[in-house]
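# Topology and contacts: notes
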Amino acid sequence: MMIVDLDLAWRVEEACLNAWPSPRQILVEGYLLRAAGGRSKRQNSVNPMRGSGAPEPAIAAARALYRSLGQRPIFRVPAIAPQMEPLLGHGDYAVVDETCTLYRPLDGVPDALDPSVTVATAPGADWLALRDAVNQADAAAAQVFRDTVAALMLPRVFSSTAAEGGIGAIAFGVLDRGLLVIESVATPAPLRGRGHARRAVGALLRWSRAQGAEAACLQVVAENTPARSLYRSLGFERELYRYHYRVGPEPD
């Protein structure tokens, strides 16, 4: 896929990394190696940075480091920096989770508040419990997410919609230099299709616009047709680039 605006793509890429930090990460030969634990591949993978050079030293170092941590090696390969792909394509590295990076300007976002949505600067216990349940998070994965929230350095808000008996949907957004990054949109299965996620995301768009943001972005698995339909209806019609993971075998 042709990258129309490489500078914008890298700005979005960096904002998405900042909005989903790994509490444990290091730079290896110009590549960001993340090892948070839990199930998130984004937080447990090698990521090329803007201007990263030849990948061979980083790949070799990452393999050794992940082995020492007892983790399988995972490499995230964005279309804007595909240089790791030829080196990983001939080994035991499976391609998984092709993901779209979507973008929309915030022009036209309505100013009116939605009284059915609560917006807070920190996630409440009910918010966290719903996310844990939807993601089927065990204790370790639940703690990784809490550590991720604690590691955020940028302005952020957490939205939730009211539903009979509890929360209808959740989401959170992080503001990075005028760009809103949307994360962790989740709705319990019995409540899907009722507009809860739309309202939760809409509240984030309104909040960021009030803070002076100019645009919003998010990343969604390409095969997640319902989510992509939702985001398209919310104005995320522009795809900037895609990425996928190369996942190695579990350590011996």
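A brief look at the structure comes next.

So, how was this worked out
- Residues numbered from 1 in each chain as written.
- Predicted model: local features only at pLDDT ≥ 70, side-chain atom pairs only at ≥ 80, totals over all residues.
- Heavy atoms only, no water.
- Helix = DSSP H or I, 4+ residues; strand = E, 2+ residues; numbered from the N terminus.
- Rg over C-alpha atoms; globule rule 2.2 N^0.38 Å.
- Contact = heavy atoms within 4.5 Å.
- Areas by Shrake-Rupley, 256 points an atom, 1.4 Å probe, with all protein chains shown as cover.
- Lys, Arg positive; Asp, Glu negative; His and termini not counted.
- Charge placed at Lys NZ, Arg CZ, Asp CG, Glu CD.
- Buried < 20%, exposed > 50% of the residue type's maximum accessible area, 1.4 Å probe, protein only.
- Pairing = 2+ DSSP bridges.
- Phe/Tyr/Trp six-rings, centres within 6.5 Å; stacked < 30°, edge-to-face > 60°.
- Lys NZ or Arg CZ within 6 Å of the ring centre and 35° of its normal.
- Expected span 1.5 Å × (residues − 1).
- 1 Å grid on protein atoms, 1.4 Å probe; cavity = no way out; pocket = protein on both sides within 12 Å on 5 of 7 lines; lining within 4 Å.
- Points joined across faces, edges and corners; volume = space filled by probe spheres on them.
- Nonpolar A, V, L, I, M, F, W, Y, C, P; charged D, E, K, R; others polar.

### As for the overall build of the chain
- Regarding its fold elements, the chain presents 7 helices and 11 strands.
- Scaling as 2.2 N^0.38, a compact globule of 252 residues should have a C-alpha radius of gyration of about 18 Å, and the chain matches this with 18 Å.
- Expressed along its principal axes, the backbone C-alpha trace of the chain runs to roughly 55 × 40 × 30 Å.
- Restricting to contacts in the chain with at least 6 residues of sequence separation, those with at least 24 account for 72%.
- Counting only carbon and sulfur atoms, one obtains 52% of the accessible surface of the chain, whose full area is about 11900 Å².
- Between the averaged position of the 27 positive side-chain charges in the chain and that of its 26 negative side-chain charges there is a distance of 3 Å.

### Points about the pairing of strand β9 (residues 179–186)
- Across the 8 residues of β9, 7 count as buried, placing the element largely inside the fold.
- Both strand β8 (residues 166–176) and β9 contribute to a ladder of 6 bridges, which runs antiparallel. The partner of Asp176 across the bridge, within β9, is Leu179.
- Connecting β8 to the antiparallel partner β9 that follows it, the hairpin turn spans 2 residues, and Arg177 within it adopts a positive phi of roughly 50°.
- Of the pairings in the sheet, the one linking β9 to strand β10 (residues 215–221) comprises 3 bridges and is parallel in character.

### Digging into the pairing of strand β5 (residues 94–105)
- Note that β5 and strand β11 (residues 238–247) share 8 bridges and pair antiparallel. Bridge pairing links Ala94 to Val247 in β11.
- Where β5 meets β10, 7 bridges bridge the pair, whose relative direction is antiparallel. Each residue of the ladder has a partner; that of Arg104, found in β10, is Ala216.

### Quick notes on the packing of aromatic side chains
- The final tally for this structure, using the stated rule, is 10 aromatic pairs.
- Pairing Trp127 with Phe145 gives two aromatic rings, centres 6.0 Å apart and planes at 15°, and the pair type is stacked. Linking Trp127 in helix α4 (residues 125–134) with Phe145 in helix α5 (residues 139–151), this pair joins segments that are 18 residues apart in sequence.
- By relative accessible area, Trp127 is classed as buried at 3%.
- Taking relative accessible area as the criterion, Phe145 reaches 3% and is therefore assigned buried.
- Chaining the aromatic ring pairs together yields one cluster made of Trp20, Trp127, Phe145, Phe158 and Phe172.
- Just above the ring of Tyr243 sits the side chain of Arg76; from NZ or CZ to the centre is 3.8 Å.
- A cation sits over an aromatic face here: Arg131 above Phe145, 3.9 Å from the ring centre.

### Remarks on helix α6 (residues 196–210)
- Under the 1.5 Å per step criterion, the end-to-end length of α6 is 21 Å for 15 residues, consistent within 8% with the ideal 21 Å.
- Summarising burial for α6: 11 of the 15 residues are buried, a large majority.
- Burial in α6 covers these residues: His196, Ala197, Ala200, Val201, Gly202, Ala203, Leu204, Leu205, Arg206, Trp207 and Ser208.
- Just past α6, the residue Gly212 takes up positive phi, approximately 95°.

### Structural notes on the layout of surface pockets
- Roughly 1400 Å³ of internal volume is contained in the largest pocket.
- Taken together, 43 residues form the lining of the largest pocket, with Asn135, Ser184, Val185, Val221 and Asn224 sitting closest to its centre.
- Breaking the lining of the largest pocket down by element, the ones donating at least two residues are β5, α4, α5, β9, α6, β10, α7 (225–233) and β11.
- For the lining of the largest pocket, the element with the highest residue contribution is β9, accounting for 5 residues.
- Each residue belonging to the lining of the largest pocket can be placed in one class, and the counts come to 20 nonpolar, 14 polar and 9 charged.

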